[in-house]
Amino acid sequence: MSKKHWVMDYETLYDCFTGVFENYKTTETKIFVISRLRNDQTEFISFLQENINNKEWHISYNGLAFDAQITHYILDNVKNWKDEEDLDLNGHLVANIIYKYAQRTIEKSNKNEFSDYPQWKMKIGQIDLFKMHHWDNAAKRSSLKWIQYSMDWQNILEMPIHHSVPIKTLEEIDTILEYCINDVRSTKEIYNRSKSQVALRKELTNTYGINMFSASEPRISKEIFGYYLSQKLNISKRDLKNMRTYRDTIKVKDIILPYVNFISSEFNMLLQRFSLLEVDAANLKGSFKYKIDYKNIVTHFGLGGVHGATKKGVYEPSEDMMIMSSDVTSFYPNLAIKNQWSPGHFPKKEFSDQYEWFFEERKKIPKSNPMNYVYKIILNSTFGLSNDEKSFFYDPELCMKITINGQLSLMMLYEQIMERIPGSVALLHNTDGVETMIPKEYFDEYMLICKEWEEKTNLNLEHDEYQKLIIGDVNNYIAINKYKKVDITTWRNLKQSEPHYLFKVENDKFSFAPVKLKGRFDFHNLQLHKNKSKLVIPKAIYQYFVNNILPEDYLDTNKNILDYCIGGKSKGDWKCIFKSIKKGELCESMLQKINRYYITNNGVKIIKVNQIDKREIQLEAGRWLQHIYNNMELLPKWDDYDINKKYYLDAIEQEINSIINVKSNQLKLF
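As the structure is a computational prediction, the values presented were derived from the model and not from experiment. (Residues numbered from 1 in each chain as written. Predicted model: local features only at pLDDT ≥ 70, side-chain atom pairs only at ≥ 80, totals over all residues. Heavy atoms only, no water.)

**Student:** Just to check I follow, could you spell out a positive patch on the surface for this structure?
**Tutor:** A cluster of basic residues, Lys3, Lys25, Lys55, Lys195 and Lys202, forms a positive patch on the protein surface. The topology assignment puts lysine 202 in helix α7 (residues 195–208). (Patch = residues over 30% accessible without salt bridge, like charges linked within 9 Å, V, L, I, M, F, W, Y side chains within 5 Å. Areas by Shrake-Rupley, 256 points an atom, 1.4 Å probe, with all protein chains shown as cover. Salt bridge = Lys/Arg side-chain N within 4 Å of Asp/Glu carboxyl O. Lys, Arg positive; Asp, Glu negative; His and termini not counted. Charge placed at Lys NZ, Arg CZ, Asp CG, Glu CD. Helix = DSSP H or I, 4+ residues; strand = E, 2+ residues; numbered from the N terminus.)

Given below as structure tokens:
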């Protein structure tokens, strides 16, 4: 009989505690309340004890920092919650004890202090989806409510009663439980979408004997790399994890690779600027910015990377031209591996050998094997961790060696293409690759340049040819590859599973062409922490540039209300209200911190209000009205949604027009 693991959530109010648990495989649900009106303390403690005895786990959102802390505090202290006659204390008193501990726990977490109960001390196993997806990271930080919006959850519901308000009725408890149940079920949906990730972490936990069930990708990288390094260097994992290399300044001229050289005055000036640079190792971000204008392309440089792009437009090669894309294979990891770079506190050879081992092992493993993904994580995360003071990879000089030599090396390739191929046109270059339009007659010269670059840098390039490139800017573009011939089985499988491939059949020959979507033009399989608002806009842009469908015609066919929805946030001192006209009078009503809405012909005006200085900001400036759609209701007829089509059409055409440089009324197909 399989174990009953539980998706769970607590609500801790001033005088009311609720706990909701739902079986991770079935709809079996356990609900517990501790208050003056209802006291399930005995049943709740018995349930937790069953979890321990049966080795049943808790699955939560931010549970390690909060819910699991409450669980183990209760288990450690419940014996004290008895009166002189050994009877349970009044539920009001127990709920208040739990509430005070919960507030202390939140305060410690906000101060980044250590929790009372680290994971290794917990009696009940934990899977924390918030930690696992790295949504506790500053760049990805996401509340459960935002993830509810991102995954199109039925009801985006925030706690309707403030935690400091005394609970007076059973109806109020029912309101709290409705909210808690909604959180549990949405957490369960996240878990169901994460099953492959959980299975991977289970396999890693069993393989390495390290609990990685709630591990983020960077932590997986640290744990597994550390596992092998500690063995290779004969250093305990405890000692390894305390190792760092701290530096005061980094003299960039001392770390530039000897093969870096340029022909043009523009790039030689760039090299000189880097060579004269000394940076504060503790404050790298934003400490260097430089740009050059070369071959009519402005290219921007910093300590983190390089980017440059031609002007907005649609680029299709003529009969005698071709668009080439060349990316460096696993660029940053291979820069470190091939040059035997390591953090200053590790022996170079041993570190580089281990790093290279992960790269070589990954090449042997099919992409369908989860370990291929694990090694990819290790290869890519290690670079970022070199600039993370909390990591035992920390050495800011290693980070600078990689990023500065990376952009200089890539610019050598870019310069050679532009200098040696007459008629070449630069289109894009960003971090690890270049896109260039060249005359077809110079294809062999292009490949020779690439080969020479590979030999000089000891790195490898991967090449693609595009039939069309639609550029918004360096980070936002659509690239359509040339067609590639495949057998009928591959063609059918791709057609069933890949929405961004073009397909054709000519003379019984089957071909497909991948389409890359970057930045704001991407709408497929977005990560849940990303903002998926107004997906109908990038979808319409895709249909226009890829399938030659006019935006207005596409909007007539898209009947998915969620594609029109927008997510609005208010943080800190800001609150959300909406204003509407009722019986001829202006009315105001409070809203949640996170709201889902769409633009309608007849609706309300959502406004963010600063609670300190009373400033007001419209979520949608101008005449546009909104319909609040936090609780999803599917209507029988599309017209019932009363979508303001002009709002979306204007946004789509504005983006398209900025690329093709025409007025709205001139918009036409290619």
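Text resumes after the structure shown.
**Student:** What should I look at first to understand the packing of helix α11 (residues 331–338) against helix α12 (residues 348–364) in this one?
**Tutor:** Helix-helix packing: each pair is described by the crossing angle between the helix axes and the interaxial distance. As a packed pair, α11 and α12 sit with axes 9 Å apart at the nearest point and diverge in direction by 140°. Looking at the two axes, α11 sits oblique to α12. For the element pair α11 and α12, the recorded crossing hand is left-handed. Residues Pro333, Asn334, Ala336, Ile337 and Lys338 of α11 pack against Ser352, Tyr355, Glu356 and Phe359 of α12. Taken together, the residues of the contact of α11 with α12 sort by class into five nonpolar, two polar and two charged. (Axes fitted to C-alpha atoms, helices over the stretch in contact; angles between N-to-C directions. Parallel < 35°, antiparallel > 145°, perpendicular 65-115°, else oblique. Left-handed = near helix turned anticlockwise from the far one by under 90°. Contact = heavy atoms within 4.5 Å. Nonpolar A, V, L, I, M, F, W, Y, C, P; charged D, E, K, R; others polar.)

**Student:** Could you clarify how one ought to interpret the nonpolar core in this entry?
**Tutor:** For soluble globular proteins, nonpolar side chains are generally found buried alongside one another. Ranked by size, the top nonpolar core spans 84 residues in total, and within it Ile224 and Phe274 carry the most contacts. It is helix α14 (residues 396–420) that contributes the most residues to this core, 13 residues altogether. Apart from the residues lying within four places of it in its own chain, the contact partners of isoleucine 224 are Leu204, Tyr208, Met212, Phe358, Val374 and Ile378. Among the nonpolar cores identified, the runner-up in size contains 44 residues, and Ala513, Tyr544, Leu555 and Cys565 belong to it. (Core = buried A, V, L, I, M, F, W, Y, C linked by side-chain atoms within 4.5 Å. Buried < 20%, exposed > 50% of the residue type's maximum accessible area, 1.4 Å probe, protein only.)

**Student:** Is there a simple way to think about the sheet that holds strand β2 (residues 16–23) in this case?
**Tutor:** Sheet strands associate in pairs through backbone hydrogen bonding, adopting either a parallel or an antiparallel arrangement. An order of β3-β2-β1-β4-β5 is seen for the five strands of this open sheet, with the pairing classed as mixed. Both edges of this open sheet fall to β3 (29–35) and β5 (126–128), since each of them pairs with a single strand only. Adjacent strand axes in the sheet meet at a mean angle of 25° when their direction is disregarded. Note that strand β1 (residues 6–13) and strand β4 (residues 58–60) share two bridges and pair parallel. Bridge pairing links valine 7 to isoleucine 59 in β4. (Pairing = 2+ DSSP bridges.)

Interpretation note: all reported values are geometric properties and have no functional meaning in isolation.
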